[in-house]
There are 4 protein chains.
Amino acid sequence: MALTGRRKLLNEVIFGTDTPAGRNFDVFLIWAIVISVGLVLLASISAVAERYGPLLIALEWVFTGLFTVEYIARIYCSVNRRRYIVSFYGVIDLLAILPSYLALLYTGATYLLVIRLLRVLRIFRILKLVRYLRDANILLRALGLARRKIFVFYSSVLVMCVIFGALMFVVEGPEHGFTSIPTSIYWAIVTITTVGYGDISPQTPLGQSIAAMTMLIGYSIIAVPTGILTAELAGEMHRERIQLACHNCSRSAHDPDAEYCKFCGHRLEDAEEVSEV
Amino acid sequence: MALTGRRKLLNEVIFGTDTPAGRNFDVFLIWAIVISVGLVLLASISAVAERYGPLLIALEWVFTGLFTVEYIARIYCSVNRRRYIVSFYGVIDLLAILPSYLALLYTGATYLLVIRLLRVLRIFRILKLVRYLRDANILLRALGLARRKIFVFYSSVLVMCVIFGALMFVVEGPEHGFTSIPTSIYWAIVTITTVGYGDISPQTPLGQSIAAMTMLIGYSIIAVPTGILTAELAGEMHRERIQLACHNCSRSAHDPDAEYCKFCGHRLEDAEEVSEV
Amino acid sequence: MALTGRRKLLNEVIFGTDTPAGRNFDVFLIWAIVISVGLVLLASISAVAERYGPLLIALEWVFTGLFTVEYIARIYCSVNRRRYIVSFYGVIDLLAILPSYLALLYTGATYLLVIRLLRVLRIFRILKLVRYLRDANILLRALGLARRKIFVFYSSVLVMCVIFGALMFVVEGPEHGFTSIPTSIYWAIVTITTVGYGDISPQTPLGQSIAAMTMLIGYSIIAVPTGILTAELAGEMHRERIQLACHNCSRSAHDPDAEYCKFCGHRLEDAEEVSEV
Amino acid sequence: MALTGRRKLLNEVIFGTDTPAGRNFDVFLIWAIVISVGLVLLASISAVAERYGPLLIALEWVFTGLFTVEYIARIYCSVNRRRYIVSFYGVIDLLAILPSYLALLYTGATYLLVIRLLRVLRIFRILKLVRYLRDANILLRALGLARRKIFVFYSSVLVMCVIFGALMFVVEGPEHGFTSIPTSIYWAIVTITTVGYGDISPQTPLGQSIAAMTMLIGYSIIAVPTGILTAELAGEMHRERIQLACHNCSRSAHDPDAEYCKFCGHRLEDAEEVSEV
């Protein structure tokens, strides 16, 4: 079903990026999102909250109102309303305004904790920004191709963390901070990812030996996802270039370093600018 | 020797994955393993163990019984029983049930410590999961090809850790936590793998300079295993694609980005689906 | 406009690297920069500052005088003076001498703090060193080609840090060190980059679970920039070699491992020495 | 000059690896080195040193004697004695025995400290092990090709560490552990390499912001050495395979995945076994 009249116009402004109005709307929205997220961050600093509390609450309601109007307008001018509402961005758009309204209802004994949780959920507004990022396609396609190998890799890492965690629980025990197997698994993840907080660390020689092994394994298997992704990404980028067609004669399969079409001699650079960089 | 009658049927269910019964058995087994490992984890949390102790012990015996029956059935229906028992999974299957029974025998002064160790060995049940993961082949083959280069790399890393550990023991000494050369080697491994707990850290300017060198070396040699594996993996994935044969004309050596057989025009995608992704 | 007489001579010495005098001037300048930066480092150690304070101040003025003369000489002998002054190195050259003079003016209550800041800015002298590093071209070109993919990557990492930071602020709260969302974002960056100071670390089981997820994500997305850069760098290095022309017959497109020109048999090594290594 | 008689025989045993005697000598030497290094490690643990002190000293002299005899024999049977003595392994061989003898001379007030330093220098014996590792050639050649790019990379990292260190010294100051610019540079290296001990960590919001930037830069430039090395290593491994010549017809330039010579059909695998794996 094609849209007509006002809905069509609104659709072009809100969802489209082809008209100047559509582009301006997107830029305005990005700034509104960034500023409103910045306000949530500021409001979480107790010194700031004490001093500018009322102002921050007022500004929060301004942005909540703005995003509510935007959400209703998006529903109004969608070609397929149901599909928009249940889409990824439809849900994010709702989650970005819901907490402010819910915070009105829950005002009682657990006020402070709940409102904090609800307010913070508004941070999901930032996810809206993702919509404006293109060029993430190559990365996503490479990740898509690598997904099964990466799943195998993660399974192995988790199995290793469970086994090393259990070993350390037995070897070091609760008296050195390894209070339970889940806690020890947390330690194993901290160690194998080379984060190494040091809040829990082995004290006994045997524990330190096992920890050293865990580190060396973590240090080397970090190579595995890099290897997988690099291989996929190189293939994906190669394909991207090969698919590049000459603007003049429409033939493709040019060499990666070709600057002129090998069939008609037309310069390829602008084409490449468009499709790849 | 071919199996007949009941043994053949049981073999198809337990070892096979071709029949619906075989697949259901495998899925059931995975769930049983995951739940039983989860119970071990829960039992290690002292608050949970105090409250649900008897229930957890009862459930442990249920799973021990289940895995015992499974182990006996596997031996019963194996084509070559001896080979199953001494195989990797045969040993893991035995280790997954043995600790519960051994805990019955050893009841003395050191009871608590021993039973804890034995219980935790049951975590090896989780290794059974690996059996169900395919697609790990490319990774394993690439690791196999890279094994000698990775061995050279690890030897160099360990030699460096010993030398830096010894240097730091002399420079910092026991008064700054470097109590012995093995402890200093542990520190060197923590540093070179960029884990950095901070439980032992250099205090003197000279010690900090040597530590900075250790870090910079560790930071750059992390590139070596990644480089080795990426190179092998790229080759392995390339070969995988090249070996891919067209379903129609059986000819292979297609380009990596080919979607149709270049000899007969038949679509290649489903073939690729089977052999590579 | 071509330079003549003394200005031309001075220009060749100061900006040029073709004459022996020009090369000697550059080497002398590098040493002066390194030594003057070393003096700033030494002066920041309180024990050294107390003992050799007057000497360090005197030496600082010697170098400030030297660099001032050099700056004036550079302006004097530039072909286009305005362009030099507003160029990257023109600004760095000015910033490298300005703090010493500014320290003379601001002598009041906040003297100590300000002069420290100004002194330290002189460290930017070290950036002058970059001028002497060639061969950074391939790296820079590869980074240039990868810049948009890397921007997408960084945006995703920052969005993730904001969301995980906000989550941890709610889950752990100020009582476990997560005093505000910005502080929690700092924690998220410390964790996702696998630095892991341990100054802030999660205490609750839920917080530790979220932290473990953050680590595993950080551990795997470290693969993304590596993959991007490796793919670009490999392409760039390949192109570099292919562009290499034979000195004898001027034809290029030689194989990466070619040691002799495949058209005329002339040795390629010296050519490669010049353009690539 | 060719060796004759006893010297030739000894040379074959000590330096050669072609005869059974030469191989046995090498294996014996590796074990002697590993055990003697193990003794140094054990002697550094105070509990062990107190109990087995005399035994460890005796064993140390046994190994010192053994390595002294070996060193003299190596000099005796070298084709070119001077070249052996000043070679890398000649110096290492001397350093591995010298500390034990020097420890006899320095017995006075500083006895304990000096002897510890001297003893520990004997750890350099372990470097002898490097001689026995082959297959490190591809790695070393790739590192050799990448050396200038890696030097540029390290210079940039060090310049960044100096600048970030100086900035943090001004921002955080001695009261938060950043006692001097060199100490702050140490902190910057700890942070940029993602080690993150946490012995020094920023406390102020501005300091934490700069630290976050340092981490993100460190996190992404880790990709650079990996990218350089992977690209060089892939080229080196490719060349290795291409250089592989068929045993039957001596022609090379076979495809990376070729199992049979494409010119004469002879199996290539054994050849590959020899030259590459």
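Conventions and cut-offs
Residues numbered from 1 in each chain as written. Chains lettered and ligands numbered in written order. Predicted model: local features only at pLDDT ≥ 70, side-chain atom pairs only at ≥ 80, totals over all residues. Heavy atoms only, no water. Helix = DSSP H or I, 4+ residues; strand = E, 2+ residues; numbered from the N terminus. Buried < 20%, exposed > 50% of the residue type's maximum accessible area, 1.4 Å probe, protein only. Contact = heavy atoms within 4.5 Å. Areas by Shrake-Rupley, 256 points an atom, 1.4 Å probe, with all protein chains shown as cover. Salt bridge = Lys/Arg side-chain N within 4 Å of Asp/Glu carboxyl O. Phe/Tyr/Trp six-rings, centres within 6.5 Å; stacked < 30°, edge-to-face > 60°. Lys NZ or Arg CZ within 6 Å of the ring centre and 35° of its normal. Axes fitted to C-alpha atoms, helices over the stretch in contact; angles between N-to-C directions. Parallel < 35°, antiparallel > 145°, perpendicular 65-115°, else oblique. Left-handed = near helix turned anticlockwise from the far one by under 90°. Nonpolar A, V, L, I, M, F, W, Y, C, P; charged D, E, K, R; others polar. pLDDT = per-residue confidence, 0-100. Patch = residues over 30% accessible without salt bridge, like charges linked within 9 Å, V, L, I, M, F, W, Y side chains within 5 Å. Expected span 1.5 Å × (residues − 1).

Q: Help me understand the overall build of chain A, please; the structure alone is not making it clear to me.
A: Broken down by element type, chain A carries 13 helices and 0 strands. Secondary structure elements of chain A occur, N-terminal to C-terminal, as α-α-α-α-α-α-α-α-α-α-α-α-α. In chain A, which comprises 277 residues, the proportion classed as buried is 47%. Taking contacts inside chain A between residues at least 6 apart in sequence as the whole, the part at least 24 apart equals 58%. In the structure as shown, chain A presents an accessible area of about 13,500 Å², 66% of it carried by carbon and sulfur atoms.

Q: Would you mind showing me how to read the pattern of salt bridges here?
A: Working definition: two side chains of opposite charge can pair if their charged atoms are close together. Residue and element names in this part refer to chain B. The final tally for this structure, using the stated rule, is 4 salt bridges over all chains. Taking the shortest distance from any N to any O, the salt bridge between glutamate 70 and arginine 74 comes out at 2.6 Å. Residue glutamate 70 and its partner arginine 74 are located together in helix α3 (residues 46-77), separated by 4 residues, close to a single helical turn.

Q: What is the right way to read the side chain of Thr194(B) from this model?
A: Of note, Thr194(B) is situated in the loop between α9 (181-192) and α10 (205-221). In this structure Thr194(B) comes out as buried when scored by relative accessible area, which is 3%. Thr194(B) has contacts with Thr194(A), Thr194(C), Thr193(D), Thr194(D) and Val195(D), leaving out every residue within four places of it along the chain.

Q: Sorry if this is basic, but what is going on with the environment of Val40(D) here?
A: Residue and element names in this part refer to chain D. Looking at the secondary structure, you find valine 40 in helix α2 (residues 20-43). Valine 40 gets classed as buried once you look at its relative accessible area, which sits at 8%. Each C-alpha atom, one on valine 40 and one on glutamine 208, is 43 Å from the other, the two residues being 168 residues apart in sequence.

Q: Just to check I follow, could you spell out the packing of aromatic side chains for this structure?
A: Residue and element names in this part refer to chain A. Going through the model one piece at a time under the given rule, you end up with 12 aromatic pairs over all chains. Between tyrosine 71 and tyrosine 84, the aromatic rings sit 6.2 Å apart at their centres with planes inclined by 45°, giving tilted as the arrangement. Taken together, the residues tyrosine 71 in helix α3 (residues 46-77) and tyrosine 84 in helix α4 (residues 81-86) connect sequence positions 13 residues apart. Here the guanidinium or amino end of arginine 7 rests over the ring plane of tyrosine 76, the centre of that ring lying 5.9 Å away.

Q: Please explain the packing of helix α1 (residues 5-14) of chain B against α3(B) as it appears in this structure.
A: For any two helices packed against each other, one specifies the crossing angle of their axes together with the interaxial distance. All names here are of chain B. Two elements in contact, α1 and α3, have axes whose closest approach is 9 Å; the angle formed by their N-to-C orientations is 125°. Relative to α3, α1 is oriented oblique. The chirality of how α1 crosses α3 is left-handed. Packed against α1, whose contacting residues are Arg6, Arg7, Leu10, Asn11 and Ile14, the element α3 presents Ala73, Arg74, Tyr76 and Cys77 at the interface. Among the residues making up the contact of α1 with α3, the classes are represented as 5 nonpolar, 1 polar and 3 charged.

Q: Teacher, can you tell me more about the confidence of the model for chain A here?
A: Where the model shows low pLDDT, its predicted coordinates should not be examined in detail. Residue and element names in this part refer to chain A. In the predicted model, chain A carries a mean pLDDT of 74, and the fraction of residues at 70 or more is 71%. Contacts for the low-pLDDT stretch residues 108-115, under 50 throughout, to residues beyond four places or in other chains number 3 contacts. Confidence drops under a pLDDT of 50 for residues 269-277, and excluding neighbours within four residues, the segment shows 17 contacts in the predicted structure. Scored by ipTM, the complex comes to 0.75, with pTM at 0.78.

Q: What am I meant to see in a nonpolar patch on the surface here?
A: Residues and elements named next belong to chain A. On the surface, a cluster of nonpolar side chains totalling about 690 Å² of accessible area is made up of Ile57, Trp61, Leu94, Leu98, Tyr101, Leu102, Leu104 and Leu105. Counting residues per element, the ones that place at least two in the nonpolar patch are α3 and α6 (98-105). At 5 residues, the largest contribution of residues to the nonpolar patch is made by α6. By the secondary structure assignment, leucine 105 is in helix α6.

Q: Would you mind going over helix α2 (residues 20-43) of chain B with me for this structure?
A: Between its first and last C-alpha, α2(B) extends 35 Å over 24 residues, near the 34 Å set by a 1.5 Å rise per residue. Residues of α2(B) that are buried include every one of Gly22(B), Phe25(B), Asp26(B), Leu29(B), Ala32(B), Ile33(B), Ser36(B), Val37(B), Leu39(B), Val40(B) and Leu41(B), and no others.

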